[in-house]
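Observations on chain architecture
The chain contents come next:
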Amino acid sequence: MKKWLLFILPFLLIGCASVARGPNQQVHINTYEAKTSNTLPADCILSNDEGILYTKSNRSVIVGRDKDPLTTDCYTDTLAGQSIVKGKINGGFFAVDLFVIDLCIFSCWIDGLSGSWAEYPSMIDIPLNLKDDTHYKRLEEKAAELKQRIEEYSKSLAKQTNYPGNKYYSDAKQKIENAQEALRLINLELSLRVSQGK
């Protein structure tokens with residue numbers, strides 16, 4: 001009996017969605033000029049509760065699953081656009097956790113906290129229009145958010161300094177690097193606005 005419990009316990013401490021899909025997913029960012037519908041390359045900054053990262057458009061990128069919105073800001077030298085999409089909960093995984101695994105005693109907590117139930121659209125289309133004050137205001141707000149996140153991530157990293165090999169340490173370090181790179185690009189974009197007198 002004890003051996004049976006030892007065998008089945010690990011399966012009760014995981015969620016169906018966490019095993020089947022994990023906490024991350026792939027999304028493809030597609031940017032195009034709103035007037036002509038022509039595909040254009042752009043710089044993009046994606047952010048949700050799981051973190052912030054920079055990428056180029058018209059390619060796929062890995063993001064953390066989350067039920068909360070994924071915001072994507074993309075821009076070229078003259079054009080800019082934004083997309084906000086919400087993560088949708090896949091009820092099928094909830095049903096498996098509830099009726100098959102453990103009546104949601106452990107599995108729902110694990111899947112819920114990891115975001116594995118949620119899923120963003122696999123394709124995110126972003127039309128680009130001429131830059132205006134709204135674009136720069138969004139970037140200023142994003143810069144302030146990034147500074148706050150870097151501070152939070154740094155505190156989290158400091159708590160893990162005695163365990164530099166663990167996953168939490170490497171995750172916090174990667175989040176800091178991603179946020180710093182995104183902040184650098186935003187500051188560059190804002191400085192160009194100043195130099196152009198906008």
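Residues numbered from 1 in each chain as written. Predicted model: local features only at pLDDT ≥ 70, side-chain atom pairs only at ≥ 80, totals over all residues. Heavy atoms only, no water.

1. As for the nonpolar core
The condition is simple: In this description, a nonpolar core means a group of buried Ala, Val, Leu, Ile, Met, Phe, Trp, Tyr and Cys residues linked to one another through side-chain atoms lying within 4.5 Å. When a residue's accessible area, from a 1.4 Å probe over protein chains only, is under 20% of the maximum for its type it is buried; when over 50% it is exposed; and in between it is partly exposed. Segments assigned H or I by DSSP are reported as helices when at least four residues long, segments assigned E as strands when at least two residues long, and all are numbered from the N terminus. Here, two residues are considered to be in contact whenever any of their heavy atoms come within 4.5 Å of each other.
Ranked by internal contacts, the top residues of the largest apolar core, which has 17 residues, are Leu146 and Ile186. Taken together, the elements giving at least two residues each to this core come down to helix 5 (133-159) and helix 6 (167-195). In terms of residue count, the dominant contributor to this core is helix 6 (eight residues). Sequence-distant contacts of isoleucine 186, that is, excluding residues within four places in its chain, are made with Ile45, Tyr75, Leu139, Lys142, Ala143 and Leu146. Among the nonpolar cores identified, the runner-up in size contains 16 residues, and Cys44, Leu46, Leu53 and Ile126 belong to it.

2. A look at the environment of aspartate 132
Locating aspartate 132 in the fold gives a position in the loop between strand 9 (123-130) and helix 5. Residue class for aspartate 132 comes out partly exposed when judged on its relative accessible area of 40%. Residues aspartate 132 and leucine 79, 53 residues apart in the sequence, show an inter-C-alpha distance of 8.8 Å.

3. Section: the environment of glutamate 189
Put simply, the rule is: In protein, a polar contact requires one atom able to donate a hydrogen and another able to accept it; more generally it is a pair of N or O atoms within 3.5 Å, and residues adjacent in sequence count only if both atoms are side-chain atoms.
With respect to the secondary-structure elements, glutamate 189 resides in helix 6. Between the C-alpha atom of glutamate 189 and that of tyrosine 136, which follows or precedes it by 53 residues, the distance is 8.4 Å. Setting aside anything within four residues of it in sequence, one finds glutamate 189 in contact with Tyr75, Thr76, Lys131, His135, Tyr136 and Leu139. Engagement of the side chain of glutamate 189 in a polar contact is seen with the side chain of lysine 131, the distance being 2.5 Å.

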